[in-house]
Structures are given as structure tokens and as C-alpha cells.
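Coordinate analysis (summary)
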Amino acid sequence: STTTDPSFPTQAELRELVDEVTGNPLSRQLFFDAARFRAIIDLDGVVVALNDFATEQRGVDIEQLVGRPFWTDPIFAGDPLWEGRMRSRFAEALTSPTDTIEYEERVDLEEEAPLLLRVRIAVVRNREQVPIGFVLDSQDVGREHRSRALVREQQRLLHVVFERTFQLVAILDATGRIIDVN
């Protein structure tokens with residue numbers, strides 16, 4: 001019997017947890033209504049639950065993802081090493097002193113710009129503190145990184161213009177005190 005067998009104790013406990021989250025309005029709001037990808041995954045890597053954002057963002061039916069290993073999602077089809085990396089990440093979370101790991105992962109997509117994901121995997125434990133699964137939370141931070149790079153480039157260009165202008169330019173603070181002069 002494996003952990004994906006519905007009669008396996010941890011699998012039953014994980015499904016009870018999903019039912020509790022679904023039934024509690026606050027928990028439902030925090031998990032299912034979050035504006036980021038969230039999944040509850042069993043110890044074998046099989047998706048037990050996804051939030052609404054995950055299915056809307058991916059544009060797929062929930063049945064295509066729930067009940068299947070996380071790494072079989074078509075978004076990862078072009079990466080033959082994805083399954084091994086995810087299994088390693090889940091093992092790392094299980095051995096982490098905080099039961100949590102965070103990392104950034106680049107996902108190359110066909111016909112689209114790559115995603116840069118900030119991922120957090122947290123171990124879910126039962127009342128006896130036995131691991132029964134994971135909560136995976138991810139967010140595309142590529143736009144954030146591109147925005148920071150754009151701001152840095154704009155600041156660099158502004159500094160070049162400031163330093164190379166032939167007129168005297170002074171930068172004043174809100175009180176009128178001179179901060180910088182070219």
C-alpha cells in the first residue's frame with residue numbers, strides 16, 4: 001500500500017485536512033481565494049487540492065491536475081529533470097528544521113516568456129507530528145525582478161545625465177538643503 005492509496009492513514013488525514021480547509025470560511029479564503037498558486041500535495045507528490053487561482057492561471061480543468069503527480073502538469077513537460085528536482089525539494093522540506101523551504105525557480109515555457117517563481121514548500125503534519133503532505137505556494141516574481149532592473153537602469157541613466165550636463169544642477173531635499181551638485 002502506498003501513500004496515494006485512499007485507505008493509507010496519512011492520505012485519509014490529508015483529505016480530512018482539505019475538507020476542514022474547504023469547510024472553514026477563513027481557511028477557505030486564505031487557501032482557495034489567494035491570488036497566488038497554492039496546492040496541497042501528498043507525500044508521493046500527488047496533488048490533493050488546488051486553489052482557484054492555480055486553475056484559472058493555468059487555464060486548465062482541475063481534473064487535469066488533481067489526483068496526479070505535481071510534476072506531470074503539462075507546464076513542466078519540456079523539463080525532463082523537473083520530477084527529480086521536485087522530489088529533492090520535498091525531501092529537503094521534510095528534513096528542514098523549520099519544516100519549510102523557500103527558493104526561486106525558473107520555468108521555461110513553450111511560446112511564452114519564462115516564469116521566475118518564488119516557491120515555498122511547507123510540511124503538513126498530523127496531530128502526532130507525522131508528516132502527511134505539503135503545502136506548495138508559488139508566485140511569479142519575474143515581473144518584480146524586471147521592474148527592479150528597470151528602476152536601476154533609469155537611476156543609472158538619470159545619474160549619467162546629471163553628471164554630464166553642462167549647466168549647474170543641484171538636488172535639494174524637502175527643506176531646501178543641497179544634497180548633491182554636479
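It should be noted that the structure appears before, not after, this text.
Given the structure is predicted, the values throughout are model-derived calculations rather than measurements.

Another point: the packing of aromatic side chains. Under the counting rule described, the total for this entry stands at 3 aromatic pairs. With a centroid separation of 6.2 Å and an interplanar angle of 65°, the aromatic rings of F37 and F70 are classed as edge-to-face. Here the residue F37 occupies a position in strand 1 (residues 37-42), and F70 occupies one in the loop between helix 3 (52-58) and helix 4 (82-95), the gap between them amounting to 33 residues. For the pair shown, F37 and F70 are each scored as buried.

Next up on the list: unusual backbone geometry. For D99, which is not a glycine, the phi torsion comes out positive at approximately 60°. Here D99 lies in the loop between helix 4 and strand 3 (100-107). What makes D99 buried here is its relative accessible area of 17%. Positive phi values are uncommon outside glycine, yet Q129 reaches one of about 70°. Tracing the chain through its elements places Q129 in the loop between strand 4 (115-125) and strand 5 (131-140).

Structurally, D137 is set in strand 5. Among the polar contacts made by the side chain of D137, one reaches the side chain of R38 at a distance of 2.4 Å. Contacts of D137, omitting those with residues within four sequence positions, involve R36, F37, R38, R118, V119 and R120.

If you trace the 5 strands from one edge of the open sheet to the other, you get 2-1-5-4-3, paired in antiparallel fashion. Of all the strands in the sheet, just strand 2 (47-50) and strand 3 have a single pairing partner and so form its edges. Within the sheet, the average angular offset between the axes of one strand and its neighbour, ignoring direction, is 25°. Looking at chain direction, strand 4 and strand 5 are connected through 9 bridges and run antiparallel. Within strand 5, the position partnered with V124 by the bridge is G133. On top of the sheet, helix 4 reaches strand 1, strand 3, strand 4 and strand 5; it is set at about 165° to strand 3, its chief contact.

Conventions and cut-offs
- Numbers given to residues run from 1 along each chain, matching the order in which its sequence is written.
- Totals for whole chains, interfaces and linings use all residues, but because this is a predicted model, local features are given only for residues with pLDDT of at least 70 and pairs of side-chain atoms are given and counted only at 80 or more.
- With hydrogens and water excluded, all non-hydrogen atoms of the structure serve as input to the side-chain values.
- Within 6.5 Å between ring centres, the rings of Phe, Tyr and Trp (the latter by its six-membered ring) count as paired, and their orientation is classed by plane angle as stacked under 30 degrees, edge-to-face over 60, tilted in between.
- In this text, helices come from DSSP runs of H or I with a minimum length of four residues, and strands from runs of E with a minimum of two, each type numbered from the N-terminal end.
- Only protein chains enter the accessibility calculation, which uses a 1.4 Å probe; a residue is then buried when its area is under 20% of its type maximum, exposed when over 50%, and partly exposed in between.
- Pairs of N or O atoms within 3.5 Å make up the polar contacts considered here, provided that, within protein, one atom can donate a hydrogen while the other can accept it, and that residues adjacent in sequence are counted only when both atoms are side-chain atoms.
- Residue contacts follow a heavy-atom distance rule, with two residues in contact if any of their heavy atoms lie within 4.5 Å.
- Here, any two strands with at least 2 DSSP bridges between them count as paired.
- Under this scheme, a helix contributes an axis fitted over its contacting stretch, all axes are lines through C-alpha atoms, and angles between N-to-C directions fall in the 0 to 180 degree range.

Interpretation in functional terms is not warranted from these geometric data alone.
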